[in-house]
Each structure stands twice: as structure tokens, then as C-alpha cells.
Amino acid sequence: DADADADADADAAAAAGPGARYLPPGRGAGSGREEPGWDRILVDAPCTHDGSLKHIRKLLDAPGGGWGALRRETGLSTRGVEAAAELQLRLATRAFDALRPGGHLLYATCSLTDAQNEAVIEALLRSRPAASLIPVA
């Protein structure tokens, strides 16, 4: 769907941040094109921040804070986690498609949920047969 692709491109460019270089889809190893891609890409994906103790403590201790504020501010709800995982998968897939053959993608979040980590990578591996896991340590 062209609209979904355009939205994913905008999300990826925004997530890359100011001054970052963004390679649109259609290039690199996953695209089936001969154009060169990136050697290495880091996807530091936006997430619900449930693994950031400093962030959690700040929300719990803030005036009007507490567990309600934590859920509200982090998106730490079923729908919030699902929405984060959908965006994370789009970003990881776009990043993989922008790699040159043999390039490396490092995917990171500060979440502890399987939905935002293992499930995203498992979905990427299913959708991109050329992708494989390599040990980091």
C-alpha cells in the first residue's frame, strides 16, 4: 500500500533525527536492486521506555505521577506496545532493505517486552529470508 509506505518513510526519517542521513526504501540488500546500500545501520527504535529505570523513576516521582502517569506517558498499555512494535518493525524492515549485501543491522530498544524486541526481529527474519542473526558477544 503506497500510503502505508509513505507513512513508514516519514516515520523512519523522523526517527532518524535531525542531521541523520536517511536512505529511502528501494535500495540495498532487501530491495532486489543493484544499487549500493549502507555497510552498517543502527536502529535505536522508539519504544515504551519500560526498561529505562531512570525514565520510570522520573514519571513515578513527578507531581501527579504514579502508575497512571507511567502508562499514559510511556504508552505502556496493550495498544501502546502494539503501536510501538508496528513502528519498530517498519523501521527495522526499512533499515534492512537499505543495507548493502553483507551489511549489518543493529536493532535496539530500551524496552524489556518481547513484543518490542524478539517479536520484531522474528517478524523481520520471516519477511526477509536474506536476514540472519549473528552473535554480538
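It should be noted that the structure appears before, not after, this text.
All values reported here derive from a predicted model rather than from experimental measurement.

Observations concerning the overall build of the chain
Then, in step 1: Looking only at helices and strands, the chain features 5 helices and 2 strands.
Then, in step 2: Partitioning the intrachain contacts of the chain with sequence separation of at least 6 by distance along the chain shows that 68% fall at a separation of at least 24.
Then, in step 3: Approximately 8600 Å² of the chain is accessible, and the part contributed by carbon and sulfur atoms is 56%.

Digging into helix H2 (residues 53-61)
Then, in step 1: The set of residues buried in H2 consists of His55, Ile56 and Leu59. All buried residues of H2 lie within an arc of 100° about the axis, which places them on one face of the element. In H2, the exposed positions that point more than 90 degrees away from the buried face belong to Leu53, Lys54, Lys58 and Asp61.

Concerning the packing of helix H4 (residues 78-97) against helix H5 (residues 118-127)
Then, in step 1: Remark: H4 packs on H5, axes separated minimally by 9 Å, with the N-to-C direction vectors making an angle of 45°. It follows from the interaxial angle that H4 and H5 lie oblique. H5 is crossed by H4, and the crossing has right-handed handedness. Contacts between H4 and H5 pair Ala85, Gln88, Leu89, Ala92, Thr93 and Phe96 from the former with Val120, Ala123 and Leu124 from the latter.
Then, in step 2: When the residues that make up the contact of H4 with H5 are grouped by side-chain class, the tally is 7 nonpolar, 2 polar and no charged.

With respect to the nonpolar core
Then, in step 1: Of all hydrophobic cores here, the largest spans 16 residues; its most connected members are Ile41, Val43, Ala92, Phe96, Tyr107 and Val120.
Then, in step 2: Those elements that place two or more of their residues in this core are strand E1 (38-44), H4, strand E2 (99-108) and H5.
Then, in step 3: Dropping the residues within four chain positions of it, valine 43 is found in contact with Leu91, Ala92, Ala95, Leu105, Leu106, Tyr107 and Ala108.

Focus on the pattern of salt bridges
Then, in step 1: Applying the stated criterion to the full structure yields 5 salt bridges.
Then, in step 2: Between glutamate 86 and arginine 79 there is a salt bridge, with the nearest N and O atoms lying 3.6 Å from each other.
Then, in step 3: For glutamate 86, a relative accessible area of 41% puts it in the partly exposed group.
Then, in step 4: Residue arginine 79 is classed as partly exposed on the basis of its relative accessible area, which comes to 48%.
Then, in step 5: In the salt-bridge network here, residues are joined through shared partners; they are Arg79, Glu82 and Glu86.

Thoughts on the side chain of asparagine 117
Then, in step 1: Checked against the element boundaries, asparagine 117 lands in the loop between E2 and H5.
Then, in step 2: Residue class for asparagine 117 comes out buried when judged on its relative accessible area of 17%.
Then, in step 3: Beyond its immediate chain neighbours, meaning those up to four positions away, asparagine 117 contacts Tyr107, Thr109, Ser111 and Leu112.

Considerations on the layout of surface pockets
Then, in step 1: Its boundaries defined by the atoms lining it, the largest pocket holds a volume of some 510 Å³.
Then, in step 2: Every element with two or more residues in the lining of the largest pocket is listed here: E2 and H5.
Then, in step 3: A per-element tally of the lining of the largest pocket places E2 first, with 9 residues.
Then, in step 4: Its residues assigned to classes, the lining of the largest pocket shows 15 nonpolar, 4 polar and 1 charged.

What counts and what doesn't
- Numbering of residues starts from 1 in each chain and follows the order in which that chain's sequence is written.
- Given that this is a predicted model, residues contribute local features only at a pLDDT of at least 70 and side-chain atom pairs are listed and counted only at 80 or more, while totals for whole chains, interfaces and linings are drawn from all residues.
- Excluded from the side-chain calculation are hydrogens and water; included are all heavy atoms of the structure.
- The helix and strand labels rest on DSSP assignments: H or I over at least four residues marks a helix, E over at least two residues marks a strand, and numbering proceeds from the N terminus.
- Contacts were defined at the residue level, with two residues in contact if any of their heavy atoms lie within 4.5 Å.
- Only the protein chains shown count as covering a residue, and every accessible area follows the Shrake-Rupley method with a 1.4 Å probe.
- When a residue's accessible area, from a 1.4 Å probe over protein chains only, is under 20% of the maximum for its type it is buried; when over 50% it is exposed; and in between it is partly exposed.
- An arc is given here, and it is the one of the directions from the helix axis to the C-beta atoms.
- A fitted line through C-alpha atoms represents every axis, and for helices the fit uses only the stretch in contact; the resulting angles, taken between N-to-C directions, go from 0 to 180 degrees.
- Should an angle lie under 35 degrees it is considered roughly parallel, over 145 roughly antiparallel, and from 65 to 115 roughly perpendicular; all remaining angles are considered oblique.
- For any pair of crossing helices, the crossing counts as left-handed if the nearer helix is rotated counterclockwise from the farther one by less than a right angle, and right-handed if it is rotated clockwise.
- For this classification, the nonpolar set comprises Ala, Val, Leu, Ile, Met, Phe, Trp, Tyr, Cys and Pro, the charged set comprises Asp, Glu, Lys and Arg, and every other residue, Gly included, is treated as polar.
- Note on terminology: a nonpolar core comprises buried Ala, Val, Leu, Ile, Met, Phe, Trp, Tyr and Cys residues joined through side-chain atoms within 4.5 Å.
- Salt bridges are counted wherever a side-chain nitrogen of Lys or Arg sits within 4 Å of a carboxyl oxygen of Asp or Glu.
- Two kinds of site are reported from a 1 Å grid over the protein atoms alone, namely cavities, where a 1.4 Å probe fits but cannot get out, and pockets, open sets with protein on both sides within 12 Å along at least five of seven lines, and residues are called lining when an atom falls within 4 Å of a point.
- Grid points are joined across faces, edges and corners, and a volume is the space filled by probe spheres set on the points.

Honestly, it's all geometry; don't read function into it.
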